[in-house]
Amino acid sequence: MELDLKNKSIIVTGGGSNIGRAIVMAFAREGANITIGDVDSVQAEKTALIAKELGSGSIQVVKTDVTQLDQVQHMFDVAEKNCGTVQCLVNNVGWDQLMFFTETTPEFWNKIIQINYMGVLNCTKTALDRMIPAQFGSIVSISSDASRQGESREAVYGGVKAAVNSFMKTIAKENGRYGIRCNVVCPGVTIPSESNDVGGNSMWVDVDKMFTPEQIVKIAKSLPLRKIGRPEDIANAVVFLSSSLVAGHVTGQVLSVSGGYSMIG
């Protein structure tokens, strides 16, 4: 299906690993001009090489810590200089460590908030400053089904992701008048397809520390579709929502892509 994303300027934060990498690949297949913003520029460059082979119009990596507003603004400046006015932002950066809330510390809370929420605020504000004058744009944020269900060992992460959901709905209401669409994709458990799909900074660098093989089998059996998600599942939803051709009347939505883990009307 033609999605009208060819040569469109796209920013994907955290595009080097796992879900972010799959999102970059999906946009590359559509011929988009892609900017990857990632703290792990080495892993991001590996992703960029594959994206070129898949047909991206152009692709570049800008080392970016999304918790730092000045670095985010620089990333957008470079994207616009080399790829044109940014038409789509994917807020993909995320991080967590599974532990019970009683085991966590204020330092851990702050890290979760900075990466998963302040990063979204920094990138969204910078995007809006450019999209509003252009009277066009799409912002898709990656949240989590932990934000909709509540999930053991993800109390802080799930709470912050719930804030992302609410924030994006509000941004959709405030900025729809400018032709800007804002949506959210909530993955469930999503396992990297291969070990080289993640860099050293990824929360999935050691899958066994997240879930044992036995736990993964148990999770799959508990889902209506009886299977664990893959990064490509999330990427397909993101690309759909980013396309004004097929999703041009979709905004303010929170879409679960989780094998049926969360079913919220």
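Structure report, in brief. (Residues numbered from 1 in each chain as written. Predicted model: local features only at pLDDT ≥ 70, side-chain atom pairs only at ≥ 80, totals over all residues. Heavy atoms only, no water.)

Details of the packing of aromatic side chains
In step 1: Here the structure, examined in full by the defined rule, presents three aromatic pairs.
In step 2: Between Phe 101 and Trp 109, the aromatic rings sit 5.6 Å apart at their centres with planes inclined by 10 degrees, giving stacked as the arrangement.
In step 3: Consider the rings of Tyr 117 and Phe 167, whose centres lie 6.2 Å apart with planes at 80 degrees: the pair is edge-to-face. Taken together, the residues span a long stretch of sequence, with Tyr 117 in helix 4 (residues 106–134) and Phe 167 in helix 6 (residues 155–175) at a distance of 50 residues.
In step 4: The cationic tip of Lys 111 hangs over the ring face of Trp 95; the distance from NZ or CZ to the ring centre is 4.0 Å. (Phe/Tyr/Trp six-rings, centres within 6.5 Å; stacked < 30°, edge-to-face > 60°. Helix = DSSP H or I, 4+ residues; strand = E, 2+ residues; numbered from the N terminus. Lys NZ or Arg CZ within 6 Å of the ring centre and 35° of its normal.)

Here's the deal with the pattern of salt bridges
In step 1: The final tally for this structure, using the stated rule, is four salt bridges.
In step 2: Between Arg 130 and Asp 77 there is a salt bridge, with the nearest N and O atoms lying 2.6 Å from each other. Of this pair, Arg 130 sits in helix 4 while Asp 77 is found in helix 3 (residues 69–83), placing the two residues 53 residues apart along the sequence.
In step 3: When the shortest N-O distance is used, the salt bridge between Glu 80 and Arg 130 registers 3.7 Å. With Glu 80 in helix 3 and Arg 130 in helix 4, this pair connects stretches of sequence that are 50 residues apart.
In step 4: Through salt bridges with shared partners, one network takes in Asp 77, Glu 80 and Arg 130. (Salt bridge = Lys/Arg side-chain N within 4 Å of Asp/Glu carboxyl O.)

Any functional reading would require information beyond the geometric quantities listed.
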